[in-house]
Every structure is written in C-alpha cells, then in structure tokens.
Amino acid sequence: MRIIFMGTSQLSVTILEALVRADYEIIDVYTRADKPAGRGRKPTPPPVKEAAIRLGLPAYQPVTLRTPEEVERVRQLRPDLVVLAAYGRLIPPEILAIPPLACLNLHPSLLPKYRGPSPIIAPILTGDEETGVTLFILDESMDTGPVLAQKSMPISLEDTGETLSLKLAQLGSELLLETVPRWARDEIKPQPQDHSQATYTHIIKKEDGRIDWSRPAVELWRQVRAFQPWPGAYTTWKGRLVKILACEPILSPVEGEPGRVLLVPDTRHAGASLPAVQTGQGLLVLRTVQL
C-alpha cells in the first residue's frame, strides 16, 4: 500500500512512526513550512520534517496544495491512500479524488464533537470526563466526513494539554493500524456524522492564556491544565508576568475582591501554607509559578 502522509505536530510524528514500524510504504511526507522560533527567530522545521529526515523519508513542504502543479505532483506519486494527522491545511477536492482508498484524517476528538484546530484542549476546558480519536474520510469541509472508526479514553484530573496529546497520539496510532487493513479489505461501511451534534474549536492565541480572576476557580484550574505547554496560563504581579504551572481549586466561604491574594494551609504538608487567589467563585491555590 503506497501511502502519502501529511502532518505537522508532535502528535503527527507518533502516527508517522507507527506507520513506519508497521512496514507501510510511505512514498512522501507532506508538512508545513519552517517557522521562525526562539529569540533569534531562526527558521525551525516542524516536528514531522525532523522525523521524516530521521526515518530516511522524503519531506515536502508546499506553500499550498491548491495549484494544478501540486495536484499533478500527487497524481504522479500514485498513492493508494493519503493519511493526515494534524496537518493544519484543507485539501482541495482534486487531491481528495486521487487515492482509491481516499484521504483519511485522524482527528483527536470524538467527532462530531470539537471539530476544528484545538480539539485536544477543548474537553479539558469544558470539564469533560472523556475524549478520544476519530478516523474519518476527508471531504471538502472541516472535519465533516463520514467516520470509519473511533476510540475513547478517560481524561484524568491531572491531564494537561501536553499529557493528553501524548495519550491521544498513542490511541490514534492504535486505531489507525487496526482500521486501515479492514478499510482496504472493504470490511467497513463509513458512517455519516450527526451534524446537529457538532461543536467547534478555535485557534488558540497567546492572549487566551491570560487569567480572568472573576471566573470560577474550577474554570481557571482547567485553563491552567489545558494551556500547557502553550500558550500557558499567566497573570501579572507587581507589573511582572507570572506563569501559573500548577494549581488547584477549593471552595471557600471567604468572599473578597477577585485577584486578592491570601495564604491558606497546604493540605499536603502539615504546618505549611500556600498562596491562593480569590476568584469569582472559590479560591485558586497556587502550587507552582514562574516569573
């Protein structure tokens, strides 16, 4: 089976490595362009490009797929299947029509819930108890195609955006390797999504990490967990930026102005105290912060 892989993030790397370990023939790896990063703004390759080079695979970084030349390039590669995982770019219909086994997208949520660019952190922010992965046939709209298979998993109270991403990448690898052979043997009937149940996510920006102390403590706790490692949850103290890396919400009969700092007993260490911040509802106990 000749496969073109398209992906960008660290989650994509896990999926690509799983396909290679399973001895699938990866004929090309598509990924996004290098981006400036760090203080020197040096062009930095996406994780998938680094993985492709390490695995001895070609890495291709087109600016767009919406030109006749790019469509013809895919056609000349003669893929049986195109697999996408966190590629971050819509695929034109001319390319969708090329592989006989379709273009399959691995999405880290239980579609139709959490369509769009931020499906991993959305269930943490919402307080969901479970999430999962969906393998579906790509169509011209965003995350709307018929579903081949899904797998769910619980979200722990300690999960962050980073830890959940790692877990979903592993779960997605398992789902992909279980499903592709059955799909190739025509053993799966794609199931249409219930579009009336769809929810959508948006692109996360740096300012989304700023803490609004008027919100309930439990929502801020979810925000701190969801936005690790990026954009991080932050506030200001004496004019300086403070990142909140670990915290916990507690109910409190104490009422005061949101943002007021006070000391509370540390429930994990007898005789010790921790700073806590009054929120719109309850206190947020700060365990790890960074100036």
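Once a new chain begins, its residue numbering starts again from 1 and follows that chain's sequence as written. Only residues with pLDDT of at least 70 get local features here, since the model is predicted, and only at 80 or more are side-chain atom pairs given and counted; chain-wide, interface and lining totals rely on the full set of residues. Each side-chain value is worked out from all heavy atoms of the structure, with water and hydrogens disregarded.

Visitor: Sorry if this is basic, but what is going on with the pattern of salt bridges here?
Guide: Two side chains of opposite charge can pair, provided their charged atoms sit close to one another. What counts as a salt bridge is simple: a side-chain nitrogen of Lys or Arg found within 4 Å of a carboxyl oxygen of Asp or Glu. Under the definition given, this model contains 15 salt bridges. The partner of Arg 73 in a salt bridge is Asp 28, with the nearest N and O atoms 2.7 Å apart. Separated by 45 residues along the polypeptide, Arg 73 in helix H3 (residues 68-77) and Asp 28 in strand S2 (residues 25-30) bring together distant segments of the chain. The rule is simple: take the accessible area with a 1.4 Å probe, protein chains only, and divide by the maximum for that residue type; under 20% is buried, over 50% is exposed, in between is partly exposed. By relative accessible area, which is 28% here, Arg 73 ends up partly exposed. Judged by its relative accessible area of 3%, Asp 28 is buried. When the shortest N-O distance is used, the salt bridge between Arg 182 and Glu 187 registers 3.8 Å. Here the salt bridges share partners, and the residues they tie into one network are Glu 248, Asp 266, Arg 268 and Arg 287. What counts as a helix is a DSSP run of H or I of at least four residues, what counts as a strand is a run of E of at least two, and both are numbered from the N terminus.

Visitor: I keep staring at the packing of aromatic side chains and nothing clicks. Help me out?
Guide: By convention here, two paired aromatic rings are described through the distance between centres and the angle between planes. Pairs were defined over the aromatic rings of Phe, Tyr and Trp, the Trp ring being its six-membered one, requiring ring centres within 6.5 Å. Orientation was assigned from the angle between planes: stacked under 30 degrees, edge-to-face over 60, tilted for the rest. Inspection of every chain in the model, using the stated rule, returns one aromatic pair. When the centroid spacing of 5.1 Å and the interplanar angle of 85° are considered together, the rings of Tyr 30 and Tyr 60 count as edge-to-face. In this pair, Tyr 30 sits in strand S2 while Tyr 60 sits in strand S5 (residues 59-60), placing the two residues 30 residues apart along the sequence.

Visitor: Got a minute to help me understand the environment of Cys 103 in this structure?
Guide: For Cys 103, the location among the structural elements is in strand S7 (residues 103-107). When the C-alpha atoms of Cys 103 and Ile 124 are compared, they prove to be 29 Å apart, with 21 residues separating the residues in sequence. Setting aside its immediate chain neighbours within four residues, Cys 103 contacts Val 82, Leu 84, Ile 95, Leu 96, Phe 136, Ile 137 and Leu 138. Should any heavy atoms of two residues lie within 4.5 Å, those residues are counted as being in contact.

Visitor: Just checking my understanding: could you explain the sheet that holds strand S11 (residues 240-250) for this structure?
Guide: Two orientations exist for strands paired in a sheet by backbone hydrogen bonds: parallel and antiparallel. The strand order S10-S11-S14-S13-S12 describes an open sheet built from five strands, whose pairing is antiparallel. Here the strands that pair on one side only, and so sit at the sheet edges, are strand S10 (233-237) and strand S12 (261-265). Here the strands of the sheet are splayed against their neighbours by 55° on average, with no regard to which way each runs. Bridging between S10 and S11 involves five bridges; their strand directions are antiparallel. Bridge pairing in S11 links Ala 233 to Ile 244. Angles shown run from 0 to 180 degrees and are taken between the N-to-C directions of axes, each axis being a line fitted to C-alpha atoms and, for helices, limited to the stretch in contact. Contacts between helix H7 (residues 217-226) and the sheet are confined to S10, S11 and strand S14 (283-290), with S11 contributing the most and set at about 120° to the helix. The pairing criterion is simple: DSSP has to find at least two bridges between the two strands.

Visitor: Help me understand a nonpolar patch on the surface, please; the structure alone is not making it clear to me.
Guide: On the surface, Leu 90, Met 142 and Tyr 200 cluster together to form a nonpolar patch covering roughly 310 Å² of accessible area. Secondary-structure assignment places Met 142 in the loop between strand S8 (130-137) and strand S9 (147-154). The patches described consist of residues with a relative accessible area above 30% and no salt bridge, like charges being joined within 9 Å and nonpolar side chains (Val, Leu, Ile, Met, Phe, Trp, Tyr) within 5 Å. All accessibility values rest on the Shrake-Rupley procedure with a 1.4 Å probe; residue burial counts only the protein chains present in the view.

Visitor: It is not clear to me how the environment of Leu 19 should be interpreted in this structure. Could you clarify?
Guide: Looking at the element boundaries, Leu 19 is found in helix H1 (residues 10-21). The spatial distance from the C-alpha of Leu 19 to the C-alpha of Phe 5 is 9.3 Å, given a sequence separation of 14 residues. With near-sequence residues (within four places) excluded, Leu 19 lies in contact with Ile 3, Phe 5, Tyr 24, Ile 26, Val 83, Leu 176 and Leu 177.

Visitor: Whenever I open this one, the environment of Pro 92 confuses me. Can you help?
Guide: Mapped onto the elements, Pro 92 comes out in the loop between strand S6 (81-85) and helix H4 (93-96). Excluding residues within four positions of it along the chain, Pro 92 makes contact with Leu 65 and Arg 66.

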